[in-house]
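Each chain, letter by letter, is given below.
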Amino acid sequence: RGPAVKRIASIDMLRGLVIALMALDHVRDFFGPTPFNPEDLAATSPGWFWTRWVTHLCATCFVFLAGTSAWLRGARTGRPALARYLATRGLMLLALEATWISFSWQLSYNVMILQVLWALGMGMLLLAALAWLPLPAIGVVAAALILPHNLLDGVHSGSFLWQAWHQGGYLPVTQNFGIVVIYPLMPWLGLMAAGYTLGPVFTWEAARRRRFLWSAAGALLLVFLVLRGFNVYGDPDPWSTQGRGAMFDLMSFARVHKYPPSLLYLCVTGAIGLALLAGFERVPPVEPLKTFGAYPLFFYVVHIALLNGIAAALMITLYGKPTGFANGAFQLPPGYTPSLALVYAAWAGALALMWVLCRAWARHRRAPAAVSPA
């Protein structure tokens, strides 16, 4: 184990909140799969749309806070130790993504799925090199990766390197196995570098830090509102009035791209994340959120296969067969109807179960207070 470092409760609580929201998204995948995309305005309802939309906060906060936590660790251990830690941690996350996590999503192994741990692992490898640079230089790298990447939206290629960097996509390896990139790296690497540059803010006096976080959140929200309102730049699809009332107009306005994350996606989710971070500094610690946030990797590694297995058993019990892919298409069992009520009930049960498991893991670890990037 690394040296003990004082934990920052607001970071743990935000990380705990977003991992709980992540569980909602995964519960929806397993317990409430829909024959339509919940963000397809022609097919969805407000309930399904906002249940999906609120979980967009997760990836932004995970990746950004991983960068912030890396700086905090480096401030305690020094750059050489930080670089070694980030390199080994990054490789470990990549190995987990390629093996157990990919299996957990399928309960088989027909495809290697590269998503959030892939982005985190590659980001840590990048930070292991960038950490030797001055913070302003790292900020320039972050801006260069985040700000212009929507200019490349029209560039499409069958090259796996381009898919991994910007486009996303599927690479068939054999007739029965392939690699799918869900999190293209370019903007996510920039986001982690941006989070790293925020690290020194957490050494400031509390009131000054909160003012900065609120101001940064307001600035990001303003950028989002202006660019989105005038459809200037930052997302492949402009918003438009839907002719179905104010709610669907708002849904159109809020529907921003996650795969890959558009600039506007990062602005609006980043604004909410920074505002929550500031707000959490003024409230008493919420123990479940602190525990989830202190052990997010344990939560992540355990919950996917657990939820997938329970949901499959439930579908077999109720409908005679589980959901899954057949003949290249996603199949729902006969008689199945998606239910938001079931999704939220299963989410409550999942959080209760993971609370028990995370507390047991905490007792097992007897963890010292430490700041961890993941």
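The structure this text deals with has already been given above.
What counts, and where the lines are drawn
- Residues numbered from 1 in each chain as written.
- Predicted model: local features only at pLDDT ≥ 70, side-chain atom pairs only at ≥ 80, totals over all residues.
- Heavy atoms only, no water.
- Axes fitted to C-alpha atoms, helices over the stretch in contact; angles between N-to-C directions.
- Helix = DSSP H or I, 4+ residues; strand = E, 2+ residues; numbered from the N terminus.
- Parallel < 35°, antiparallel > 145°, perpendicular 65-115°, else oblique.
- Left-handed = near helix turned anticlockwise from the far one by under 90°.
- Contact = heavy atoms within 4.5 Å.
- Buried < 20%, exposed > 50% of the residue type's maximum accessible area, 1.4 Å probe, protein only.
- Pairing = 2+ DSSP bridges.
- Salt bridge = Lys/Arg side-chain N within 4 Å of Asp/Glu carboxyl O.
- Core = buried A, V, L, I, M, F, W, Y, C linked by side-chain atoms within 4.5 Å.

Peer 1: Provide a residue-level description of the packing of helix α8 (residues 185-198) against helix α11 (residues 263-280), including the pertinent values.
Peer 2: Their axes nearest at 13 Å, the elements α8 and α11 cross at an angle of 30 degrees. The orientation of α8 relative to α11 falls into the category roughly parallel. Relative to α11, the crossing made by α8 is right-handed. Facing P187, W188, L191 and L198 of α8, the residues of α11 in contact are Y265, L266 and L274.

Peer 1: How would you summarise the pairing of strand β3 (residues 177-181) if you had to cite specific residues and measurements?
Peer 2: For β3, a buried count of five out of five residues is recorded, marking the element as mostly surrounded by other parts of the structure. Burial along β3 is two-sided: F177, I179 and V181 facing one way and G178 and V180 facing the other are all buried. Strand direction decides the pairing type here: strand β1 (residues 111-114) and β3, joined by four bridges, are parallel. Across the sheet, the residue bridging to V111 is G178, located in β3. In this sheet, β3 lies alongside strand β2 (residues 169-174) in antiparallel orientation, the contact comprising five bridges. When the bridges of β3 are listed, G169 appears paired with V181.

Peer 1: I'd like a description of the pattern of salt bridges, backed by residues and values.
Peer 2: All chains considered together, the criterion is met by six salt bridges. Between R15 and D12 there is a salt bridge; the shortest N-O distance is 3.5 Å. Linking R15 with D12, this pair stays in helix α1 (residues 9-31), spanning three residues, or about one helical turn. Under the relative-accessibility criterion, D12 is labelled buried at 2%. R28 is the salt-bridge partner of D29, the closest N and O atoms lying 3.5 Å from each other. The exposure class of D29 is partly exposed, given its relative accessible area of 29%.

Peer 1: Summarise the environment of K290; cite the residues concerned and give the values.
Peer 2: Relative to the helices and strands, K290 is located in helix α12 (residues 287-294). Counting along the chain gives 97 residues from K290 to A193, while the straight-line C-alpha distance between them is 24 Å.

Peer 1: Which residues make up the nonpolar core, and what are the values?
Peer 2: Counting 113 residues, the largest nonpolar core has W188 and F299 as the members making the most contacts within it. Per element, the largest residue contribution to this core is 13 residues, and it comes from α1. Aside from chain neighbours lying at most four places away, what touches W188 is A59, T60, V63, A119, Y183, K258, P261, Y265 and L266.

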